[in-house]
Amino acid sequence: NDGPRAADAVEVATARTFARGKVRMHSRKASLGSSWNLASVSTRCSRPWNTCAWSRRTQRSSPKGSNPTRSSRKNKLLVQALDATRPFDYEAKQMALLERQKLLKIGIVGFGNFGQFIADRFVKAGHTVLATSRTSYVDVASDLGVEFFTDVNDFAEEHPDVVVVCSSILSSETVIRSLPLQRFKRKTLFVDVLSVKEYPKKLMLKHLLPELDILCTHPMFGPDSGKDSWEGLKLMYDKVRIREGDREDVCERFLKIFRDEGCEMVEMTCEEHDKIAASTQFITHTVGRVLGKMGLETTPINTRGYDSLLNLVENTTHDSFDLYYGLFMYNKNATEEIDRLEHAFDSIRKQLFSELHGVLRKEIFDDERNANGKH
């Protein structure tokens, strides 16, 4: 019997004007006692609908024994568009959306030389950067593409994903205690970038709310050594308190900024860092400042080694004395390194004078023998 089939074809043809997708026909048992299973027909439509549902029911009985027609059947037609037409740049827009979701809102507390240095790189990586500081840097921030807040409360209410504390070692406790911690999101990640690590770790564990996450880092470079590129430069980090889930993802996205810039990532505890840094960074600064006190100058016959010493003096004396004092005061291993350096210097001096003493004694006694021989 072609009656029901013809009616189905009419309804399917009508559905084609509404959606692109699949047409599913659910037919109840007709008056002749026959039943129709699910029929699926592909259709096209110029209208970019994601979903479309159209149903039509008619309830009209036909004389017994007559052929059922479209109006004589009780049916339901459901049209669904499963793959609706999308704009030609749909995939590009979706990819751009995914990329934006990976970006962070980073707040910087302390917008001095180092804060400006890392803010510039964060902005170039596409992240939104906010800043606040005791000194107003509105114009500098604007030039870098950073939004500056003179009021730290307004800064906190912007709800940054990450807060990077870029204060000096000596002022860190004052800065952290002055932050309106209750105004930040509970899942905010706090990051320090100080040259010592045990001290800020204990400081943040003591003063930050337990809901806030903590990442201790030490970029082993600065505005001078990293002004052109961060490729091959080291970043030490310690995930002091990072909760799982979204919080861990924020931490990884922040560290990814440095990975993408080519940094060599070094994960170690804050305690391990300070032990090593005392015999590397602190000694470097100490030797550089000692040589600086000697007033070394360039000469027409500089050796490469001497040029290296001049560069060391220049790099270390450009840093503030507060930084150097902080390396000594807030690293418990620094005193031991000062003692070792002093002992090493004394040992070298004794060796030199011992050799000189031997030479002088030899000359003295040789002269005496020669004099006695003449007599």
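These figures come from a predicted structure and were not determined experimentally. (Residues numbered from 1 in each chain as written. Predicted model: local features only at pLDDT ≥ 70, side-chain atom pairs only at ≥ 80, totals over all residues. Heavy atoms only, no water.)

**Regarding the overall build of the protein chain**
- When helices and strands are tallied, the protein chain shows twelve helices and eleven strands.
- Within the protein chain, the proportion of its 375 residues that are buried is 37%.
- The contacts in the protein chain between residues at least 6 apart in sequence include a share of 69% that link residues at least 24 apart.
- Summing over all exposed atoms, the protein chain offers an accessible surface of approximately 22,600 Å²; the carbon and sulfur share of this is 51%. (Helix = DSSP H or I, 4+ residues; strand = E, 2+ residues; numbered from the N terminus. Buried < 20%, exposed > 50% of the residue type's maximum accessible area, 1.4 Å probe, protein only. Contact = heavy atoms within 4.5 Å. Areas by Shrake-Rupley, 256 points an atom, 1.4 Å probe, with all protein chains shown as cover.)

**Let's talk about the sheet that holds strand β9 (residues 213-219)**
- Read across the open sheet, the eight strands follow the order β6-β5-β4-β7-β8-β9-β10-β11; overall the sheet is mixed. The open sheet is flanked by β6 (147-149) and β11 (264-267), the only strands paired with a single partner. Each strand of the sheet is rotated relative to its neighbour by a mean of 25°, with strand direction disregarded.
- Relative to β11, strand β10 (residues 234-241) runs parallel, the two being bridged by four bridges. What sits directly across from Tyr-237, in β11, is Glu-267.
- The sheet strands contacting helix α7 (residues 198-207) are β8 (189-192), β9 and β10, and the helix crosses β9 at an angle near 160°.
- Where helix α8 (residues 246-260) meets the sheet, its contacts fall on β4 (105-109), β7 (162-165), β8, β9, β10 and β11, and the angle it forms with β10 comes to roughly 170°. (Pairing = 2+ DSSP bridges. Axes fitted to C-alpha atoms, helices over the stretch in contact; angles between N-to-C directions.)

**A word on α8**
- Its 15 residues give α8 an end-to-end C-alpha distance of 21 Å, which sits within 8% of 21 Å, the value for a rise of 1.5 Å per residue.
- Arg-247, Val-250, Cys-251, Arg-253, Phe-254, Leu-255, Ile-257 and Phe-258 are the residues of α8 that are buried.
- Phi for Gly-262, located one or two positions after α8, is positive at around 95°. (Expected span 1.5 Å × (residues − 1).)

**Thoughts on the pattern of salt bridges**
- Evaluation of the coordinates by the stated rule reveals 17 salt bridges.
- Here Lys-124 ties to Asp-120 by a salt bridge, and the two come within 3.2 Å at their closest N and O atoms. With Lys-124 and Asp-120 both in helix α3 (residues 113-124) and four residues apart, the pair spans about one turn of that helix.
- Note on Asp-120: relative accessible area 22%, which makes it partly exposed.
- Two residues, Arg-121 and Glu-261, come together in a salt bridge whose shortest N-O distance is 3.1 Å. (Salt bridge = Lys/Arg side-chain N within 4 Å of Asp/Glu carboxyl O.)

**Describing the pairing of β7**
- Alternating residues of β7 divide into Val-162 and Val-164 and Val-163 and Val-165, and every residue in both groups is buried.
- Strand direction decides the pairing type here: β4 and β7, joined by four bridges, are parallel. Counterpart to Ile-108 in the pairing with β7 is Val-164.
- Examined bridge by bridge, β7 and β8 share four bridges and lie parallel to one another.

**Brief notes about the confidence of the model for the protein chain**
- Mean pLDDT over the protein chain works out to 82, with 72% of the residues at or above the 70 mark.
- Taken as a whole, residues 12-62 scores under 50 in pLDDT and shows 113 contacts with residues more than four places along the chain or in a different chain. (pLDDT = per-residue confidence, 0-100.)

**Looking at unusual backbone geometry**
- One non-glycine residue with positive phi stands out, namely His-159, at about 55°.
- Mapping His-159 onto the fold places it in the loop between α5 (152-156) and β7.
- Judged by relative accessible area, His-159 falls into the partly exposed class, the value being 36%.

**Here we look at the packing of aromatic side chains**
- The tally for this structure, following the rule as stated, stands at 18 aromatic pairs.
- Here Phe-282 and Tyr-324 contribute two aromatic rings whose centre-to-centre distance is 5.6 Å and whose plane-to-plane angle is 10°, an arrangement assigned as stacked. Highlighted residues: Phe-282 in helix α9 (residues 270-293) and Tyr-324 in helix α11 (residues 321-329), separated in sequence by 42 residues. Comparing Phe-282 with Tyr-324, the two get one shared label, buried.
- Taken together through their ring pairs, the aromatic side chains of Phe-114, Phe-117, Phe-122, Phe-221, Trp-230, Phe-254 and Phe-258 make up a single cluster. (Phe/Tyr/Trp six-rings, centres within 6.5 Å; stacked < 30°, edge-to-face > 60°.)

**A short note on the packing of α9 against α11**
- One can describe the packing of α9 onto α11 by two numbers: an axis separation of 10 Å at closest approach and a directional angle of 135°. By the angle between their axes, α9 is oblique relative to α11. The handedness of the crossing between α9 and α11 comes out as left-handed. Counting all contacts with α9, which are made through Gln-281, Phe-282, His-285, Thr-286 and Arg-289, the residues of α11 involved are Phe-321, Leu-323, Tyr-324, Leu-327 and Phe-328.
- Considering only residue class, the contact of α9 with α11 consists of six nonpolar, three polar and one charged. (Parallel < 35°, antiparallel > 145°, perpendicular 65-115°, else oblique. Left-handed = near helix turned anticlockwise from the far one by under 90°. Nonpolar A, V, L, I, M, F, W, Y, C, P; charged D, E, K, R; others polar.)

**Things to note about the environment of Ala-125**
- Within the element layout of this structure, Ala-125 appears in the loop between α3 and β5 (128-132).
- Separated by 136 residues in sequence, Ala-125 and Glu-261 place their C-alpha atoms 9.1 Å apart.

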